[in-house]
Amino acid sequence: MSEYIDPTVFHWMRMPQMYMIKENSVVLETEPHTSFHSLSFDSTNAFGMLLNPMQNFGFTVRVDYRFRGLEDECGVLLKRNNLHWAKAGIESKQNAQDLACTVYSQGYGDRSCREIGDGIRWMYLRVMFWHGNARFQYSFNGERFSDMRWLHFVSGEEPVTAGFYACSPGNSYFDCEFSDLKLRII
């Protein structure tokens, strides 16, 4: 069973200048020229928070956002280190948004995406991790989840960290709220 977790158990991956930690959520404002795109921007200076490393878990979060610029993005992530991570979330583009997942490992990566409407302003995201495998999912209501991507992430029982992030690769910024933080040990 998933349990709500207090935002104060997370630690900053990178702390933004403007943020607020509430009882059940974290609100942050991105800054221009921040990204989590080692492939195209060679940068991992996104803002976000991470849990301590663990094995065999499910992490779910509701993300509320109002993008202002092209390529603004927010979502969930799994991270072993700066050279081995995976992220899934929402990215803005011209007159639409992408539901996207990127996997990066030792200088190589790939990205898969699906276009969604530009009127969507919130979404639930979930990442499950067990025995080195990962599964990213999304939901519009927090009840029924659909798969974005399954992958083998690390070998064996190596622990990884999970969390959430937001960034603005262009000359933009936006507010983003992460709430309904839930953790389930599996």
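Residues numbered from 1 in each chain as written. Predicted model: local features only at pLDDT ≥ 70, side-chain atom pairs only at ≥ 80, totals over all residues. Heavy atoms only, no water.

Peer 1: Honestly, the side chain of His84 in this entry has me stumped. Any pointers?
Peer 2: Mapped onto the fold, His84 is located in strand 10 (residues 84–93). Overall, His84 belongs to the buried group, its relative accessible area being 9%. In this structure the side chain of His84 is engaged in a polar contact, spanning 2.6 Å, whose partner is the backbone oxygen of Phe153. Leaving out residues up to four positions away in the same chain, His84 has contacts with Lys79, Tyr104, Ser105, Phe153 and Val154. (Helix = DSSP H or I, 4+ residues; strand = E, 2+ residues; numbered from the N terminus. Buried < 20%, exposed > 50% of the residue type's maximum accessible area, 1.4 Å probe, protein only. Polar contact = N/O pair within 3.5 Å; in protein donor to acceptor, adjacent residues only side chain to side chain. Contact = heavy atoms within 4.5 Å.)

Peer 1: Looking at this structure, how should I read the packing of aromatic side chains?
Peer 2: Both the distance between ring centres and the angle between the ring planes are used here to describe each pair of aromatic rings. One pass over the structure, following the stated rule, counts twelve aromatic pairs. A centroid spacing of 4.2 Å and a plane angle of 25° characterise the contact between Phe164 and Phe178, whose relative ring orientation is stacked. Highlighted residues: Phe164 in strand 16 (residues 161–167) and Phe178 in strand 17 (residues 175–185), separated in sequence by 14 residues. Classification of Phe178 by relative accessible area gives buried; the value is 0%. Taken together, the ring pairs connect Phe10, Phe59, Phe164 and Phe178 into an aromatic cluster. Sitting above the plane of the Trp122 ring, Arg62 keeps its charged end 4.0 Å from the centroid. Stacked on the ring of Phe145, the Lys or Arg Arg126 has its end atom at 3.6 Å from the ring centre. (Phe/Tyr/Trp six-rings, centres within 6.5 Å; stacked < 30°, edge-to-face > 60°. Lys NZ or Arg CZ within 6 Å of the ring centre and 35° of its normal.)

Peer 1: Please clarify how the state of the cysteines should be interpreted in this entry.
Peer 2: In protein structure, a disulfide is the covalent linkage between the sulfur atoms of two cysteines. Going through the model one piece at a time under the given rule, you end up with zero disulfides. Among the cysteines around Cys113, which has no disulfide bond, Cys101 carries the closest sulfur, lying 11 Å off. Cys113 sits in the partly exposed class, given a relative accessible area of 45%. (Disulfide = S-S within 2.5 Å.)

Peer 1: Whenever I open this one, the sheet that holds strand 9 (residues 73–81) confuses me. Can you help?
Peer 2: For sheets, the rule is that strands pair by backbone hydrogen bonds, running either parallel or antiparallel. The strand order 2-7-16-9-10-11-12 describes an open sheet built from seven strands, whose pairing is antiparallel. Strand pairing shows two members of the sheet lacking a second neighbour, strand 2 (11–14) and strand 12 (108–116), which therefore form its edges. Going from strand to strand, the sheet's axes swing by 20° on average, the running direction of each strand aside. Examined bridge by bridge, strand 7 (residues 47–50) and strand 16 share four bridges and lie antiparallel to one another. (Pairing = 2+ DSSP bridges. Axes fitted to C-alpha atoms, helices over the stretch in contact; angles between N-to-C directions.)

Peer 1: For this particular structure, what's the right way to read the pattern of salt bridges?
Peer 2: A side chain of one charge can pair with a side chain of the opposite charge when the charged atoms of the two come close. The final tally for this structure, using the stated rule, is ten salt bridges. Between Glu158 and Arg80 there is a salt bridge, with its nearest N and O atoms 3.1 Å apart. Taken together, the residues span a long stretch of sequence, with Glu158 in the loop between strand 15 (146–152) and strand 16 and Arg80 in strand 9 at a distance of 78 residues. The exposure class assigned to Glu158 is partly exposed, which follows from its relative accessible area of 28%. Given a relative accessible area of 34%, Arg80 falls into the partly exposed group. Shared partners join several salt bridges into a network, and the residues in it are Glu91, Lys93, Asp98, Arg111 and Glu115. (Salt bridge = Lys/Arg side-chain N within 4 Å of Asp/Glu carboxyl O.)

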